[in-house]
Amino acid sequence: MKQLVTIIVAVLAYPVLYGQSTAELFKNRNYPALAKLEDKGDTLTPEEFYMVGYAFFQLEKDEKAVAYYDKAIAKGFDNGPIHFYKSLSLTYLKKYKEALTEIDLAIEKEPNNQEYMNQKGLIYQNQGLEDKALDYFDEATRLPNIMGEPFFWVAYIYHGKQDLEKALKLYYLAAQKIPKDSRYYVNTLLCIGQLEYTYTQNYQKSAAAYAEAVSLRPEDYGNYPKLIKAYNAAKEYTKADVVFEEMKAAYKRKELPKTDMEQKFTAIDEYEYNKQKLTVYKSFEDPKKILDVLYKVYLFNKTGDKAARKFTVEKTIQVAKGFKYVLCEITENEHLTYPYGWKTDIVTLENLKEAVNQILDGKLQKTATSK
């Protein structure tokens, strides 16, 4: 009897669960619940087939998404969005020829839709056909702007072609066209920061772009070292120190990426000596015992693919009026100490770079060696 009542209740509730509630499930983005409607077979309405297909798309089950889009189209639900989303699923499945057919159908129905034209560019880009992709991204920028994304891709492709002056100009245009809540806006800022740092060497502009990116994505700690290096290159050392302290606090909360947590250091500066790159790293750990390292400085070889020399700032035994930290060098077989140190916990980047340069100039000679 209990089983019979359950069946009756289920049958009576069926229209509520699978009829009127379908639109609400879609509106509320309850994709797992929508996906369960596949049990209803071919009794779904054309629009419900589309909603179930979209749910499978969001659940990254693109084969099923395409199957349900096809059912919706076969039943007469035939518009721009369904062909657009079918194209997206086919793109993720790497069925590019079919994806192009679908996006062309979407564009045919809505020829002024910027998002559809952008998707056509992405299909070609996913195949490595950058010039073909550029044609459609460029065309998308001339349509009514609803998303701004194609402006980023146009700049990005020129960036890849090493037309850096044009790329930078186009990134600034993209920053004006892309909504600030879009991930492509942050990506645009990061590209501006990179080019202003490496290409124009306008470190103030680089720092401004990175600072905005960090403010919009404060949880993405991978961008913090870029900002720190830009501030230090611009000689805004206090601002760089503030950002480093934010990273250090995140390290103590164990919120940094796994690599940073394991290495316990982050890059804070880059500069050149006789056309060789040096990178300065600072520890998230406060040195507590002798030989604990506060800074590491790597001098790379001329090809930039291997560290030629490694310098460290290490804690030492402090005697009256003596050094609290000393400058050292680590070789394959030796640990060298130089007559240069700091009597307090304040070891400035400027001072450290000056000391390393004196060693490289031959003005500072080692005073102690250990194996």
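Summarised in this report is the structure supplied together with it. (Residues numbered from 1 in each chain as written. Predicted model: local features only at pLDDT ≥ 70, side-chain atom pairs only at ≥ 80, totals over all residues. Heavy atoms only, no water.)

## Some remarks on the overall build of the protein
Helices and strands together make up the secondary structure of the protein, namely 16 helices and seven strands. Relative to a compact globule of 371 residues, whose C-alpha radius of gyration would be 21 Å, the protein shows 29 Å and is clearly more extended. For the protein, the spread of C-alpha atoms along the principal axes amounts to about 90 × 60 × 35 Å. Counting across all 371 residues of the protein, residues that qualify as buried make up 47%. Taking as baseline every contact in the protein between residues at least 6 positions apart, the subset at least 24 positions apart corresponds to 44%. (Helix = DSSP H or I, 4+ residues; strand = E, 2+ residues; numbered from the N terminus. Rg over C-alpha atoms; globule rule 2.2 N^0.38 Å. Buried < 20%, exposed > 50% of the residue type's maximum accessible area, 1.4 Å probe, protein only. Contact = heavy atoms within 4.5 Å.)

## Thoughts on unusual backbone geometry
Even without being glycine, Q162 reaches a positive phi, approximately 65 degrees. Relative to the elements of secondary structure, Q162 occurs in the loop between α9 (149-160) and α10 (164-177). Accessibility expressed as a relative area gives 56% for Q162, which makes it exposed. With a phi close to 50 degrees, N274 is a non-glycine residue in the positive phi region. Along the chain, N274 turns up in the loop between β1 (265-273) and β2 (276-283).

## Considering the side chain of K86
Position of K86 among the secondary structure elements: in helix α5 (residues 80-92). On the basis of relative accessibility, which here comes to 11%, the residue K86 falls in the buried class. Ignoring sequence-local partners within four residues, the contact set of K86 consists of V66, Y69, D70, I73 and E102.

## Comments concerning the packing of helix α3 (residues 46-58) against α5
Angle between the axes and distance between the axes are the two parameters that describe a pair of packed helices. Packing of α3 against α5 brings their axes to within 11 Å, and their N-to-C directions diverge by 30 degrees. Accordingly, the angle class assigned to the pair α3 and α5 is roughly parallel. Considering only the axes of α3 and α5, their crossing is left-handed. For the pair formed by α3 and α5, the contact residues are Y50, Y54 and F57 on the first element and P81, I82, Y85, L88, S89 and Y92 on the second. (Axes fitted to C-alpha atoms, helices over the stretch in contact; angles between N-to-C directions. Parallel < 35°, antiparallel > 145°, perpendicular 65-115°, else oblique. Left-handed = near helix turned anticlockwise from the far one by under 90°.)

## Structural notes on α9
Helix length check: α9, at 12 residues, gives a terminal C-alpha distance of 17 Å against a target of 16 Å (1.5 Å per residue), a fit within 8%. Taken across its 12 residues, α9 has 10 buried, putting it largely inside the fold. Close packing links the buried residues of α9 with α7 (114-126), α8 (130-141), α10 and α11 (183-198). (Expected span 1.5 Å × (residues − 1).)

## Examining α10
Between its terminal C-alpha atoms α10 stretches 20 Å, which fits the 20 Å expected from 14 residues at 1.5 Å a residue. Among the residues of α10, L164, A167, L168, L170, Y171 and A174 are the ones counted as buried. Axial view of α10: buried residues confined to an arc of 170 degrees, hence all on one face. Turned more than 90 degrees away from the buried face of α10, the exposed residues are E165, K169 and Q176. Close packing links the buried residues of α10 with α9 and α11. (Arc of directions from axis to C-beta.)

## Focus: the pattern of salt bridges
Taken as a whole, this structure holds 19 salt bridges when the rule is applied. We note a salt bridge from D70 to K86, for which the minimum N-O separation is 2.5 Å. Taken together, the residues D70 in helix α4 (residues 62-74) and K86 in helix α5 connect sequence positions 16 residues apart. Salt-bridge contacts for D131 lead to K161; the nearest nitrogen and oxygen are separated by 2.5 Å. Taken together, the residues span a long stretch of sequence, with D131 in helix α8 and K161 in the loop between α9 and α10 at a distance of 30 residues. Judged by relative accessible area, which is 49%, D131 ranks as partly exposed. One network of salt bridges, in which partners are shared, links D70, K86 and E102. (Salt bridge = Lys/Arg side-chain N within 4 Å of Asp/Glu carboxyl O.)

## Things to note about the layout of surface pockets
A volume near 570 Å³ is recorded for the largest pocket. For the largest pocket, the lining is made up of 22 residues, of which F84, L88, Y92, E115 and E149 are closest to its centre. Elements with a minimum of two residues in the lining of the largest pocket: α3, α5, α7, α9 and α11. It is α7 that provides the largest number of residues to the lining of the largest pocket, a total of seven residues. Taken together, the residues of the lining of the largest pocket break down into 12 nonpolar, seven polar and three charged. (1 Å grid on protein atoms, 1.4 Å probe; cavity = no way out; pocket = protein on both sides within 12 Å on 5 of 7 lines; lining within 4 Å. Points joined across faces, edges and corners; volume = space filled by probe spheres on them. Nonpolar A, V, L, I, M, F, W, Y, C, P; charged D, E, K, R; others polar.)

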